[in-house]
Amino acid sequence: MNSILHFDIAAVVILVFFLLLGRTRERFVGRSNKILYVLTILLFLSTVFDLTSGYFENSHTISPKIIQLTYVLNSLFFIPHNMILPTLVLYMYSSTDVWHLFKTKKILKYTWVAGCVIPVLILIGNGWLINVFWQSGNNTYNRGPGVTVFYVLAGLYLLWLGGFAIRYRKIIRPDKVIVLSFSLAVTIIGVIIQAMNPKHLVEMFATTIGLLFFMIVARREDSMLDSVSGAYKRISAIEHFSRNFETKKPVVLTFIKIVNHANIRLYLGQESYSAFLRQFTDMLRGKASASDYKADIFYMDGGLFAFVSEDMNSVRAGDVARSVKAVLANPLIVSDLEVRPDVCMCIVKCPEEIGDFSTLYTLSSTFSQTMPNSRDVAFYADYMNDNQFMIKNELDTIIKRGIENRSFEMHYQPIYSIAKDRFISAEALLRLKDEKYGYIPPALFIPFAEMNGAIHEIGDFVIEAVARFISMADMDMLGLDYVEINLSAAQCIEVDLADKIITLMEDYGVGSDQICFEITETIADLNPEIVDRNVTKLHDYGIRFALDDYGTGYSNIKRVTSLPIDQVKLDKSFVDEINVPHMWDVISDTVEMLKRIGKEVLVEGVETLEVAERFKNMECNLFQGCELIQGFYYCKPLPEEEFKMFLTSHRTK
Ligand code: C2E
Ligand code: MG
Ligand code: MG
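Residues numbered from 1 in each chain as written. Chains lettered and ligands numbered in written order. Predicted model: local features only at pLDDT ≥ 70, side-chain atom pairs only at ≥ 80, totals over all residues. Heavy atoms only, no water.

**Student:** Explain the coordination of the magnesium ion (ligand 2) here, please?
**Tutor:** Octahedral metal centres with six donors ideally show angles of 90 or 180 degrees, and tetrahedral centres with four donors ideally show 109.5 degrees. For the magnesium ion (ligand 2), the full set of protein donor atoms is E427 (OE), N486 (OD1), E518 (OE) and D548 (OD), and the range of their distances to it is 2.0 to 2.2 Å. Along the chain, the residues that donate to the magnesium ion (ligand 2) are spaced as E-x58-N-x31-E-x29-D. For the pair the magnesium ion (ligand 2) and the magnesium ion (ligand 3), the metal-to-metal distance amounts to 4.0 Å, and D548 bridges them. On the criterion of sequence distance, the pair formed by N486 in strand 13 (residues 482-486) and E518 in strand 14 (residues 515-519) is long-range, its members being 32 residues apart. (Donors = N, O, S within 2.8 Å, 3.2 Å for Na, K, Ca; no water. Helix = DSSP H or I, 4+ residues; strand = E, 2+ residues; numbered from the N terminus.)

**Student:** Can you help me understand the pattern of salt bridges in this one?
**Tutor:** Once the charged atoms of two side chains with opposite charge are near each other, the side chains can pair. In the structure shown here, the tally under the stated rule is 24 salt bridges. A salt bridge links K595 to E627; its shortest N-O distance comes to 2.5 Å. Here E627 lies in the loop between strand 19 (623-624) and strand 20 (628-629) and K595 lies in helix 23 (residues 583-596), a separation of 32 residues in the sequence. Each member of the pair, K595 as well as E627, is classed as buried. Salt bridges linked by common partners bring E427, E484, E518 and K569 together as one network. (Salt bridge = Lys/Arg side-chain N within 4 Å of Asp/Glu carboxyl O. Buried < 20%, exposed > 50% of the residue type's maximum accessible area, 1.4 Å probe, protein only.)

**Student:** Explain the coordination of the magnesium ion (ligand 3) here, please?
**Tutor:** Within the protein, D548 (OD), D549 (OD), E604 (OE) and E604 (OE) serve as the donor atoms for the magnesium ion (ligand 3), at 2.1 to 2.6 Å. Spacing between the donor residues of the magnesium ion (ligand 3) along the chain follows D-D-x54-E.

**Student:** What is the right way to read a positive patch on the surface from this model?
**Tutor:** On the surface, K105, R167, R169, K170 and K248 cluster together to form a positively charged patch. Looking at the secondary structure, you find R169 in the loop between helix 6 (147-167) and helix 7 (174-196). Overall, R169 belongs to the exposed group, its relative accessible area being 55%. (Patch = residues over 30% accessible without salt bridge, like charges linked within 9 Å, V, L, I, M, F, W, Y side chains within 5 Å. Areas by Shrake-Rupley, 256 points an atom, 1.4 Å probe, with all protein chains shown as cover. Lys, Arg positive; Asp, Glu negative; His and termini not counted. Charge placed at Lys NZ, Arg CZ, Asp CG, Glu CD.)

Spelled out as structure tokens, the structure:
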């Protein structure tokens, strides 16, 4: 046997191995992996036909029958061989999850089919309408000009693959790009060698090596499944959603959130909780298949599941969701324990109703709190005109837009000193004016900015804006001793916070006594060392600290004494309950206790003359009562210029 056949034999051995691997390890579950299996079969068939035709061409016995058989084998070789690149195109569309384009864009379908049919037609017409190849008298294979059509077709498919890789570069996994380029390069080298010298049958071997690369990156379906719930993993959900948005693939999403999952986990214990999650997934799967609803099920941790379906009829999604709800009207029995999952559901069409990942992500984590009727089955479409809901859901985008468009500004609320009977300071309060929704309350966007990390950039803006205000304003003329700035707990763990603030204050020529930072008790729960280092450093520099919202947290006196706090701000909730029996006693005793440990006391949220008078006349045994008052009774937070006008007019009164 000719030594050049050895390459083909090696290819067959590798391919048989792949085919067996596919059967035994369930590697070929899922559409993409099935296409890869078809690719392996095509390659196997073409290599076998290549090998056998080569064998007869090189055999010493030549008879008309053998020549005929060789001709048939060569024709048979061309069919699977010409199907390899089209199948690779299918593989790329499927593994990149843009398969739906084949459905929506007819031109793709027809082009693809044409590319597969043309070689068959050409082979039928071989030697009659067109000259692709022929076997000469001594059974040698000869190429005719018709074979060029195959090369041209292959070239077009390569262009298709190249164009695809460029168009969808953002969603193709980087390992696939490398594999695609590498395997195509190896295959093309093989083709060129064989085209220049048909005696060297290396093409099939090179293509097999190319396939080997694909096998390496092919994912096993079960590696995408969550081992506990049996649904698709969170990471594959994230990949899936981002990809869908990139390719604008229309899907209907049903979020299913088990609101009390943390409790369930606590009282079931880890083992039974896993059994519960699996049972829950099976129940979802069962309900979907009972309604003949085709959907993938994802489990995104934290008790959140999602159906993702290409069936765009959201009414059907609603029916399935309601049938799930109906099952949950009765408790689930898990390992002889009765479990009652409290479930919220929300149905949304993407990209029609939500077209970006961050909004979808926000919805998935907040809808159970923000959608009033999610206990039934809520349709996102019903809320699209509800501004409050939309703001909550789009906070990520709104904050990013705010940073980009510089739409943050500072307002100032005057703080009244009882002893001096005038305004001696002010609290700087951040405002965000969004181009779409107008003013967004900080109580909404600050906690969100803390969650998405934007608080650091926003916090820097606040400190700089206030430093600029202090440096530009005539503080004496306004009667302002200092300005209070809210410092988020997240800012307190910035490694360089203290140095950054000190440098900034020096740059703007702001005195350390002109600023007071407001912090909340929660900072004590973060990283005590770094918090302590930042706060102590700033305090040692001469900056005062106030404890904000006192009375809303644990009001843990240890925290109050362990942090270098100069001022305590009694939260508005004290004032709101001032007429509740005994509340005034609680307030007076609290103020007295704070005075006893040397803190200055400010009361927030004073809205009426009556309440202001009560605090003004407060007496706490040995100590003078509360010193400072802040509230709408005196003034609401005002934009910079109005605030200055307010103070000026009050100075001259
Ligand atoms: P806070 O620091 O406790 O600020 C006091 C809040 O109470 C302000 O709300 C203020 O407008 C409001 N307020 C003051 N007096 C009265 C009153 O008499 N009645 C009523 N109903 N409300 C009153 P605002 O400006 O909406 O801020 C809410 C929260 O957002 C702040 O609570 C603070 O935690 C946070 N925040 C505001 N600006 C910033 C900032 O620049 N940085 C950080 N980290 N947080 C900020
Ligand atoms: Mg404050
Ligand atoms: Mg407060």
